[in-house]
Amino acid sequence: RQSSGSSGINAEYGEEGGEVAVRRGHRVWDKIQGSMHLSGREACDVVTFSNGEIINVTRVPRDEAWSQNLEILRTFYAERLFPRLCAKWGYENVLCDLNRLGDK
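Attention in this report is confined to the structure presented alongside it. All figures in this text were calculated on a predicted structure; none of them were measured in a lab.

## Structural notes on the overall build of the protein
Right, on to step 1. Counting its regular elements, the protein contains 3 helices and 5 strands.
Right, on to step 2. For the protein, buried positions account for 23% of its 104 residues.
Right, on to step 3. Surface summary for the protein: the accessible area is close to 7,700 Å², and the carbon and sulfur share equals 51%.

Take a look at the structure:
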């Protein structure tokens, strides 16, 4: 089924062992895994809302096999995202934020 979270991202869910799970092939899977690998988190809770109410919370564990995609993610960041962030917010501001993240 299709579900829309508070971020406006549509997430496709399926049944896995009798529980609702984010499908590995869906576009949010890579976003979730990338965020967990970069932040060092072991899991991510995906909250599904409908009419302002929480209807489901799905815990997505970190997939260690996904780490093979980290180089692709780093390249995307360096070649695509970082230049756009700098154009919008300024090089010094972006570096300041990155340094703050590194301190945590």
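## With respect to the nonpolar core
Right, on to step 1. Grouped together as the largest cluster of nonpolar side chains are 9 residues: Val22, Val28, Trp29, Ile32, Met36, Val46, Val60, Trp66 and Leu70.
Right, on to step 2. With 4 residues, helix α1 (residues 27-39) is the largest single contributor of residues to this core.

## Section: the pattern of salt bridges
Right, on to step 1. On inspection of all chains with the given rule, the structure shows 5 salt bridges.
Right, on to step 2. Close ionic contact of Arg74 with Glu71 constitutes a salt bridge, the shortest N to O distance being 3.9 Å. Separated by 3 residues within a single helix, Arg74 and Glu71 lie in helix α2 (residues 70-89), roughly one turn from each other.
Right, on to step 3. You can call Arg74 partly exposed: its relative accessible area is 47%.
Right, on to step 4. Residue Glu71 is classed as exposed on the basis of its relative accessible area of 51%.
Right, on to step 5. A cluster of three or more residues bridged by salt bridges with shared partners is formed by Glu42, Arg62 and Glu64.

## Notes on the packing of aromatic side chains
Any pair of aromatic rings gets described here by the distance separating the centres and the angle formed by the planes.
Right, on to step 1. Tallied over the full model, the rule gives 2 aromatic pairs.
Right, on to step 2. Between Tyr77 and Phe82 the ring centres are 5.8 Å apart and the planes differ by 50°, which places this aromatic pair in the tilted class.
Right, on to step 3. Between Phe82 and Tyr91, the ring centres sit 6.1 Å apart and the planes meet at 80°, which makes this aromatic pair edge-to-face.
Right, on to step 4. Under the relative-accessibility criterion, Tyr91 is labelled partly exposed at 46%.

## Some points on unusual backbone geometry
Right, on to step 1. If you check the backbone angles, Asn51 has positive phi at about 55° while not being a glycine.
Right, on to step 2. Looking at the element boundaries, Asn51 is found in the loop between β4 (43-50) and β5 (53-61).

## Remarks on the side chain of Asn56
Right, on to step 1. Note that Asn56 resides in strand β5.
Right, on to step 2. Among the polar contacts made by the side chain of Asn56, one reaches the side chain of Thr58 at a distance of 2.6 Å.
Right, on to step 3. Sequence-distant contacts of Asn56, defined by excluding residues within four places in its chain, comprise Val20, Val46, Val47 and Thr48.

## Focus: the environment of Asn93
Right, on to step 1. Looking at where Asn93 falls in the secondary structure, it is placed in helix α3 (residues 91-102).
Right, on to step 2. Since its relative accessible area comes to 47%, Asn93 is described here as partly exposed.
Right, on to step 3. In terms of polar contacts, Asn93 uses its side chain to reach the backbone carbonyl oxygen of Trp89, at 2.7 Å.

Rules used throughout
- Sequence order sets the numbering: in each chain, residues are counted from 1 along the sequence as written.
- pLDDT decides what is reported in this predicted model: residues at 70 or higher carry local features, side-chain atom pairs at 80 or more are listed and counted, and totals for whole chains, interfaces and linings draw on all residues regardless.
- The basis for every side-chain value is the complete set of non-hydrogen atoms in the structure, without hydrogens or water.
- Numbering of helices and strands starts at the N terminus; helices are DSSP runs of H or I of at least 4 residues and strands are runs of E of at least 2.
- Classification of residues uses two cut-offs on accessible area relative to the type maximum, computed with a 1.4 Å probe and protein chains only: under 20% is buried, over 50% is exposed, and between them is partly exposed.
- Computed with a 1.4 Å probe, the accessible areas rest on the Shrake-Rupley method; for each residue, only the protein chains presented here act as cover.
- The definition of a nonpolar core used throughout is a set of buried Ala, Val, Leu, Ile, Met, Phe, Trp, Tyr and Cys residues joined through side-chain atoms within 4.5 Å.
- Whenever Lys or Arg places a side-chain nitrogen within 4 Å of a carboxyl oxygen from Asp or Glu, that contact is recorded as a salt bridge.
- Aromatic pairs are defined between Phe, Tyr and Trp rings, using the six-membered ring for Trp, whenever the two ring centres lie within 6.5 Å; interplanar angles under 30 degrees are classed as stacked, those over 60 as edge-to-face, and all others as tilted.
- Here a polar contact is recorded for every N or O atom pair within 3.5 Å, except that within protein the pair must consist of a potential hydrogen donor and a potential acceptor, and residues adjacent in sequence are included only if both atoms are side-chain atoms.
- Contacts between residues were defined by any pair of non-hydrogen atoms, one from each residue, lying within 4.5 Å.

Geometry only, nothing functional implied.
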